[in-house]
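Residue-level listing of the chains:
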Amino acid sequence: MQLGNKTECALLGFVLGLGQSYEAIREQNPESSFAHMYTFNSARKSMSTVIRIPDGYRMLTKGASEMVLKRCTFILNKSGDAVPFSKQEQDRLVHDVIEPMAMDGLRTICLAYKDLSTNSAAANNVQKLSGEPDWEDEDSMLQGLTCVCITGIEDPVRPEVPDAIRRCQRAGITVRMVTGDNINTARSIAGKCGILKPGDDFYVLEGKEFNRRIRDETGEVSQQLFDKVWPKLRVLARSQPQDKYTLVKHMIESKVSEAREVIAVTGDGTNDAPALKKADVGFAMGIQGTDVAKEASDIILTDDNFTSIVKAVMWGRNVYDSIAKFLQFQLTVNVVAVVLAFVGACAVNDSPLKAVQMLWVNLIMDTLASLALATEPPTEELLNRKPYGRTKPLISRTMMKNILGHSVYQLLVVFFLLFYGERLLDVDSGRNADIHEGPTQHFTSIFNTFVMMTLFNEINARKIHDQRNIFQGLFSNPIFYCIWLGTFASQVIIVQFGGRAFSTAGLEIDQWIWCLFFGVGGMLWGQVVTSIPTSKLPEAMAYGSEPPAEMDALDENAENGGEQSGGDLKRGQILWIRGLTRLQTQIRVVQAFQNHRDNLSGSRSTLQSRSGTRGSLSATKRSDEGAASLITPAALL
C-alpha cells in the first residue's frame, strides 16, 4: 500500500527493488543532519538535499530530466565510474531515452549528485572546498552535477477517469490540462484520458511557447493575442504557477464568446492559491493539498478523484433545477389562488377558498412541496445538456409556458365549477349563500378539485425541460411519493371529516370521481402544453435576468392598500390582497436568488486543477448556454 506523493512512492519502490532499505538510510541520515536543502520550485523543477560525508558534503538532486541533465557535466558509466558528459551526449540521451519514455506516458526523473570535498581526487569533484560553501549561491551550487540515472515513472490513468471526462464533455465542459510535466508525457496522458482525440485541431503547448504567443513587444499579456490561443488550447505542459493564473484571469476577461467563461480550478500547492482565488470555483485536493490551497478554495475534494468533480457538477445542476421546479409549482398555485380569490370576491362576494382552506393550500405549496421537489436525487440526465448561462433567466420560457398553461387549465376548471358546478355535480349552489350557513358540497368540490389539480401538477412540476415522461424517476425519491400520498390522504380526511373547522361538507363517490378526473386531466393537459414549441415563444416571457425597478413600489402600494382597507373589505377581498402580496414576495425571492447567482458568477462550469501533472477543463457558452472550463492535474486523473 502506498501513501503520499506517487513519484516519491515510486522512487522508494525503486530503492526496495535494488535490495536496499530506505528506512536504514533514513536512520543513518536523519533530517536534523542535513547541511542544506533546496526545496522544489517550479522554476528549476528539481530539489536537492545536502548531506555530510567524511571529507565534505554530497548534494543529492532529483527533478525533471531535461532540466537536471543541463546541469550535469559527468555521468556514471556501466562500471559506476564518472565520465565526462558532453552536450552531444546530453542531446542523444534526450532523443533516445527521455522522449520515447515521455511518449509512452512515463514521467521521467533524473537522479544526480555532486561532491564537495577537500581532498578528493575524483574527476567529478569539480568544486573543492576551501571553507564553508556559499549555500545561497544557488546557481553555482546546482552546476557540475553527475548524472546517476534516468527513471521512467508510470502513473496509470485511473479506470474511471476517461468515462468521467466524456461525461463532462457531454455536459458542455471542455477539459484543458495544465501540467508541469514534459510535453510528450502530457500529450500521452491527455490522449489516454480523452482530452485529446485523433484528428483534433487543438493546441498542445509548453509554457514558454504559450507565453511567447500571448505577450506583446513590451512583455505584457495581450488579451487580443490571448484570445487567439485559448479557445484551441487543450494541454499546457512545463507550465509555471503564473501561467495558470494568467490562463484563468484572461479566460474570465475574454470577450470571444457571448457569455464569458466561468472557471473552476483544482489545485494542491501553495503556488496554486492565486489561481484558486481568481477562479469562479476553486477545488482543493483534500489529501495532497496544502493548507494554503484549501484556504483559498471553495470546495475540497476529500478523495482527490476527478469523478468527484463530475458529481459536483451533477449536484450543482440538481440544486438549481430543484429551485426551478419549486418555483414553477408554487407560482402556478399562487396565480390560480389569487385570481380565484379576486373573482370570487367580485362575482359572488365571497371566496370559494376559505381562510383555513387557503392555509392548507399554502402548507401544500410551501413546506410539503419544497420537501418533495427539492429532494430529487441527481441523475445522468442532468449531464445531457449544456450549462446554464450566467445571465440566463431563473424563470425560463419553458417554465413560464408551464406556469401559464397549467394556470389557464386550473382557472377554467374552477370557474366552470364555480358557475356551473352545481348542475354537473347535482348539488345545491353555494353562490350567494349566507355567510352564517354551513359549508356546501358545491364549494367543497371546488376546494377539493383545486387541491387535486395542485397535487397532480406537482408531478408535472418534476420536469422543467419539456420532458414527456413525467413519471421517470418518480419512485427513486421516496420522500416525494410519501409526501404526495400523505397529502392526498390528509385531503380525504379534511374533506370528509373537516366539517365547520375546515368549511367542508363530505362528498359522494361520484363527486370524488369528478374531482379526481379534473386532477388527472391536469397531467394530460401538461402533455398538450409540452407540445407547444418553446422556441416560438417570445424572449420576453423569460423572467429573472434583470429585476424590475418598479417591483418595490408595487409591493409598498399593495401593503398600504391592505392596511388602509382591511377593516372594510370582505374576507375574499382580504384574501386577494394577501395573495397579491404573497405573489410579490415570491417574485422578490426570484430576484434575490438571481442576484446571488450573478454575484457568484452565475452558472459556473469551469474547473482548474493541479497536482504533479496539472490539467484543465473548459467549455464556452453560446447563445443561451453557459460557458464552462475545468483545469485539473494529471495526478487527479
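The coordinates are above.
Residues numbered from 1 in each chain as written. Predicted model: local features only at pLDDT ≥ 70, side-chain atom pairs only at ≥ 80, totals over all residues. Heavy atoms only, no water.

> Can you break down the layout of surface pockets residue by residue, with the values?
Taken as a whole, the largest pocket holds about 1,200 Å³ of empty space. Contributing to the lining of the largest pocket are 28 residues, with L12, V15, I25, L60 and K62 lying nearest its centre. Breaking the lining of the largest pocket down by element, the ones donating at least two residues are α1 (6-17), α2 (22-28), β2 (46-53), β3 (56-64), β6 (106-117) and β7 (145-154). When residues in the lining of the largest pocket are grouped by element, the largest group, five residues, is from α1. The residue makeup of the lining of the largest pocket, split by class, is 18 nonpolar, five polar and five charged. (1 Å grid on protein atoms, 1.4 Å probe; cavity = no way out; pocket = protein on both sides within 12 Å on 5 of 7 lines; lining within 4 Å. Points joined across faces, edges and corners; volume = space filled by probe spheres on them. Helix = DSSP H or I, 4+ residues; strand = E, 2+ residues; numbered from the N terminus. Nonpolar A, V, L, I, M, F, W, Y, C, P; charged D, E, K, R; others polar.)

> Can you break down the packing of aromatic side chains residue by residue, with the values?
Scanning the model with the defined rule gives 10 aromatic pairs in all. Residues F210 and F226 carry aromatic rings whose centres are separated by 6.3 Å and whose planes lie at 75° to one another, so their mutual orientation is edge-to-face. Pair noted here: F210 is in helix α8 (residues 207-214) and F226 is in helix α9 (residues 223-229), with a separation of 16 residues, a long-range link. The same class applies to F210 and to F226, which are both buried. (Phe/Tyr/Trp six-rings, centres within 6.5 Å; stacked < 30°, edge-to-face > 60°. Buried < 20%, exposed > 50% of the residue type's maximum accessible area, 1.4 Å probe, protein only.)

> Describe the environment of V529, with residues and values.
Within the element layout of this structure, V529 appears in helix α18 (residues 509-530). V529 sits 125 residues away from L404 along the chain, and the two C-alpha atoms are 9.4 Å apart. Ignoring anything within four residues of it in the chain, the contact list for V529 reads K401, N402 and G405. (Contact = heavy atoms within 4.5 Å.)

> Any details on a negative patch on the surface? Residues and values, ideally.
Taken together, the side chains of D134, E136, D137 and D139 present a region of like negative charge at the surface. Tracing the backbone shows E136 in the loop between β6 and α5 (138-141). (Patch = residues over 30% accessible without salt bridge, like charges linked within 9 Å, V, L, I, M, F, W, Y side chains within 5 Å. Areas by Shrake-Rupley, 256 points an atom, 1.4 Å probe, with all protein chains shown as cover. Salt bridge = Lys/Arg side-chain N within 4 Å of Asp/Glu carboxyl O. Lys, Arg positive; Asp, Glu negative; His and termini not counted. Charge placed at Lys NZ, Arg CZ, Asp CG, Glu CD.)

> Tell me what's going on with the nonpolar core, and back it up with residues and numbers.
Ranked by internal contacts, the top residues of the largest apolar core, which has 44 residues, are F329, F447, F450, V451, I459 and F480. Secondary structure elements with two or more residues in this core: α13 (306-347), α14 (355-373), α15 (397-425), α16 (441-460), α17 (478-497) and α18. When residues in this core are grouped by element, the largest group, 10 residues, is from α16. Leave out the neighbours within four places in its chain, and F447 touches L353, Q357, W360, V361, Q491, I494, V495 and T504. Membership of the second largest hydrophobic core comes to 29 residues, among which are I189, L196, F283 and L630. (Core = buried A, V, L, I, M, F, W, Y, C linked by side-chain atoms within 4.5 Å.)

> Summarise empty space enclosed by the protein; cite the residues concerned and give the values.
Scanning the entire structure with this criterion turns up three cavities of 30 Å³ or more. A volume near 100 Å³ is recorded for the largest cavity. Forming the boundary of the largest cavity are Q328, N402, H406, N460, K463, D466, Q467, I470, G526, Q527 and T530. Of all the elements in the fold, those that place two or more residues in the lining of the largest cavity are α15 and α18. Residues belonging to the lining of the largest cavity are distributed by class as follows: one nonpolar, eight polar and two charged.

> Explain the sheet that holds strand β5 (residues 82-84) to me, and be specific about the residues and the numbers.
Judged by pairing direction, the sheet is mixed, and its seven strands sit side by side in the order β1-β2-β3-β6-β7-β4-β5 without closing on themselves. Strand pairing shows two members of the sheet lacking a second neighbour, β1 (36-38) and β5, which therefore form its edges. Pairs of neighbouring strands in the sheet enclose a mean axial angle of 30°, with direction left out of account. With three bridges joining them, strand β4 (residues 72-76) and β5 adopt antiparallel strand pairing. By the bridge assignment for β5, F74 is matched with P84. On top of the sheet, α1 reaches β3, β6 and β7; it is set at about 110° to β7, its chief contact. Across the sheet, helix α4 (residues 87-103) is in contact with β4, β6 and β7; its angle to β7 comes to roughly 20°. (Pairing = 2+ DSSP bridges. Axes fitted to C-alpha atoms, helices over the stretch in contact; angles between N-to-C directions.)

> Report on the packing of helix α6 (residues 161-170) against α13, specifying residues and quantitative values.
α13 packs onto α6 with a crossing angle of 30° between their chain directions and a minimal axis gap of 9 Å. By the criterion of interaxial angle, the relationship of α6 to α13 is roughly parallel. Crossing of α6 over α13 shows left-handed handedness. In this structure, α6 uses V161, A164, I165, R167 and C168 to contact α13, whose residues at the interface are F306, T307, V310 and M314. A per-class count over the contact of α6 with α13 returns seven nonpolar, one polar and one charged. (Parallel < 35°, antiparallel > 145°, perpendicular 65-115°, else oblique. Left-handed = near helix turned anticlockwise from the far one by under 90°.)

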